[in-house]
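What the coordinates show
Chain residues, written in single-letter form:
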Amino acid sequence: SPILVAMESDTTSFHVYERKVNGSILQFNTNLVDNHLTDQNTGSTWNMDGLCIDGPLKGQQLKSVQAYNEFWHAWERFEPNSKKHVSK
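Anyway, here's the lowdown on the structure attached to this text. (Residues numbered from 1 in each chain as written. Predicted model: local features only at pLDDT ≥ 70, side-chain atom pairs only at ≥ 80, totals over all residues. Heavy atoms only, no water.)

**Re the side chain of N47**
What counts here: Secondary structure counts use DSSP, requiring at least four H or I residues in a row for a helix and at least two E residues in a row for a strand, with both numbered from the N terminus. Each residue is placed in one exposure class: buried if its accessible area under a 1.4 Å probe, protein chains only, is under 20% of its type's maximum, exposed if it is over 50%, and partly exposed if it falls in between. Identification of polar contacts relies on pairs of N or O atoms within 3.5 Å, with a donor-acceptor requirement for protein atoms, meaning one able to donate a hydrogen and the other able to accept it, and with residues adjacent in sequence counted only if both atoms are side-chain atoms. Residue contacts are defined here by distance: any two heavy atoms, one from each residue, within 4.5 Å place the two residues in contact.
Note that N47 resides in strand β7 (residues 45-47). Under the relative-accessibility criterion, N47 is labelled buried at 16%. Polar contacts involving the side chain of N47 include one to the main-chain amide nitrogen of D49, which spans 2.9 Å. Once you skip the residues sitting within four places of it in the chain, N47 turns out to touch N35, H36, L37 and I53.

See below:
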């Protein structure tokens, strides 16, 4: 299942969620100023707890995925087909 890894503006806290909601795979943008996410599919606004707080999907909750912090170079060694994406 496609996942979302969202880093908060403190650059330490992060969250991992499944991106599938109501059968659709959502694409997200981050807003580090207010620690919100916006899905490109519907324009809905999500908080870092994975709860949709505004828009057509308001009230929906992203399913959390258990995760822990790891260094990229360690992950890449064991998962060479992974892609690194950095949002600004």
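**Description of unusual backbone geometry**
Peptide bonds are trans in most cases, and residues, glycine excluded, mostly fall at negative phi. In the Ramachandran plot, N22 falls in the positive-phi region, its phi being about 50 degrees despite a non-glycine side chain. Among the secondary structure elements, N22 is positioned in the loop between β3 (20-21) and β4 (24-25). Taking relative accessible area as the criterion, N22 reaches 61% and is therefore assigned exposed. Look at N35: it is not a glycine, yet its phi comes out positive at around 55 degrees. Topologically, N35 is positioned in the loop between β5 (28-31) and β6 (36-39). On the accessibility criterion, N35 (19% relative accessible area) is buried.

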